[in-house]
Amino acid sequence: MIDLQDISYSYRNIPALCHITYRFEMGKCYCLQGPNGCGKSTLFRILNGLRFPSSGKFLFDGKDITEKTMKKSDFAKAFHRQVGFVFQHSEIQLFCKTVEDEIAFGLHQLGLSDTEIHDRVEHYITLLHLENIRLRAPFNLSGGEQKRCALAAVLAMEPPVLILDEPISGLDEEGQEWVTSFIKELKSPDRMIIIATHQSSFAQEVADIQLRMTKEHRLIIK
């Protein structure tokens, strides 16, 4: 579903990604590791259609993802329905008045019926154990609660591709254990999960395939 064909990217002539070729497949959980500055964040921005390769191709479900194609509203909307992204610092993607509003926001953008929105909000509030904080403002939550809220908001849109940037970063031991167990439960033949992490033990526990970005900005299988 995601096919990277010899992609490279540079910031003002400074290489960030160098000649990366790799195919990500549905039904797999990938963990990406590497030193700071190796290009993990740049790769994730490309996978989310936020940046575009300087050279090479990024194909999603056989379609070329370029700056030109992503300027087409219908195309971009269809792409973003397929890809869910949870940022490392979850608070930056939370902006609604309550947790339940946060989960419902993306569903309204999808044009779902009020009944479907209500059913999905209730389902993901229960799934992420958010019942007791559903009416609280997301910016008043703990780090772990914000992470669960962001996950619920993204998962409620039911994207087949889920991209998580450092999902256990900043969490206490209990929070890390919860996220680890939850990701294991999310694994499905109909879902692709791509995770960036600095935690080798976490990667070993959840990943089907472990990848590494080198300091030369290349992608290798560990």
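In what follows, the structure referred to is the one given above.
Keep in mind that this is a model prediction, so the values were computed, not measured. (Residues numbered from 1 in each chain as written. Predicted model: local features only at pLDDT ≥ 70, side-chain atom pairs only at ≥ 80, totals over all residues. Heavy atoms only, no water.)

*Asks:* I would appreciate a short explanation of the overall build of the chain in the present structure.
*Replies:* Per the secondary structure count, the chain includes eight helices and ten strands. Against the globule reference of 17 Å for 222 residues, the chain gives a C-alpha radius of gyration of 17 Å, in line with a compact fold. If one aligns the C-alpha atoms of the chain with their principal axes, the spans along those axes are about 45 × 40 × 35 Å. Of all 222 residues assigned to the chain, the portion counted as buried reaches 49%. Contacts in the chain between residues at least 24 apart in sequence constitute 66% of all its contacts with a sequence separation of at least 6. Carbon and sulfur atoms form 48% of the exposed surface of the chain, whose accessible area is close to 11,300 Å². Here the chain contributes 26 positively and 29 negatively charged side chains, and the mean placements of these two sets differ by 9 Å. (Helix = DSSP H or I, 4+ residues; strand = E, 2+ residues; numbered from the N terminus. Rg over C-alpha atoms; globule rule 2.2 N^0.38 Å. Buried < 20%, exposed > 50% of the residue type's maximum accessible area, 1.4 Å probe, protein only. Contact = heavy atoms within 4.5 Å. Areas by Shrake-Rupley, 256 points an atom, 1.4 Å probe, with all protein chains shown as cover. Lys, Arg positive; Asp, Glu negative; His and termini not counted. Charge placed at Lys NZ, Arg CZ, Asp CG, Glu CD.)

*Asks:* Which parts of the structure should I look at to understand the sheet that holds strand β2 (residues 14–24)?
*Replies:* Strand pairing in a sheet takes place through backbone hydrogen bonds and is either antiparallel or parallel in direction. Taken in spatial order, the four strands make up an open sheet running β2-β1-β4-β5, and their pairing is antiparallel. Taken across any chain shown, the strands that pair with only one partner, and hence form the sheet edges, are β2 and β5 (63–64). Sheet topology places strand β1 (residues 2–11) next to β2; seven bridges connect them, and they run antiparallel. Across the sheet, residue Ile2 finds its bridge partner in β2, namely Phe24. (Pairing = 2+ DSSP bridges.)

*Asks:* Would you explain a negative patch on the surface in this entry?
*Replies:* A grouping of Asp172, Glu173, Glu174 and Glu177 is seen on the molecular surface, where their side chains present a negatively charged patch. Relative to the elements of secondary structure, Asp172 occurs in the loop between β7 (161–165) and α7 (173–186). By relative accessible area, which is 51% here, Asp172 ends up exposed. (Patch = residues over 30% accessible without salt bridge, like charges linked within 9 Å, V, L, I, M, F, W, Y side chains within 5 Å. Salt bridge = Lys/Arg side-chain N within 4 Å of Asp/Glu carboxyl O.)

*Asks:* When you look at the sheet that holds strand β9 (residues 209–213) in this model, what are you seeing that I'm missing?
*Replies:* On the basis of which strands lie adjacent, the open sheet formed by six strands has the order β6-β7-β8-β3-β9-β10 and mixed pairing. This sheet does not close on itself; its edge strands, each paired only once, are β6 (83–86) and β10 (219–221). Ignoring which end each strand starts from, the neighbouring axes of this sheet average 20° apart. As judged from the four bridges shared by strand β3 (residues 29–33) and strand β8 (residues 192–196), these two strands associate in the parallel manner. (Axes fitted to C-alpha atoms, helices over the stretch in contact; angles between N-to-C directions.)

*Asks:* It is not clear to me how α7 should be interpreted in this structure. Could you clarify?
*Replies:* Because the α-helix completes a turn every 3.6 residues, residues three or four places apart line up on one side. Taking 1.5 Å per residue, 14 residues should reach 20 Å; α7 reaches 20 Å between its end C-alpha atoms and fits that length. Among all positions of α7, only Gly175, Val179, Thr180, Phe182, Ile183 and Leu186 are buried. Summarising the axial view, the buried residues of α7 lie within an arc of 165°, below the 170-degree limit, and thus occupy one face. Residues Glu173, Glu174 and Glu185 are exposed on α7 and point more than 90 degrees away from its buried face. (Expected span 1.5 Å × (residues − 1). Arc of directions from axis to C-beta.)

*Asks:* Just checking my understanding: could you explain the packing of aromatic side chains for this structure?
*Replies:* The description of an aromatic ring pair rests on the distance of the ring centres and on the angle between the ring planes. One pass over the structure, following the stated rule, counts ten aromatic pairs. Arranged with centres 4.9 Å apart and planes meeting at 75°, the rings of Phe24 and Tyr30 form a pair that is edge-to-face. Residue Phe24 shares its accessibility class with Tyr30, and that shared class is buried. Ring centres 6.3 Å apart and planes at 80° place the aromatic pair Phe44 and Phe85 in the edge-to-face group. Remark: Phe85 occurs in strand β6 and Phe44 occurs in helix α1 (residues 40–47); sequence separation between them is 41 residues. Since its relative accessible area comes to 2%, Phe44 is described here as buried. Note on Phe85: relative accessible area 14%, which makes it buried. (Phe/Tyr/Trp six-rings, centres within 6.5 Å; stacked < 30°, edge-to-face > 60°.)

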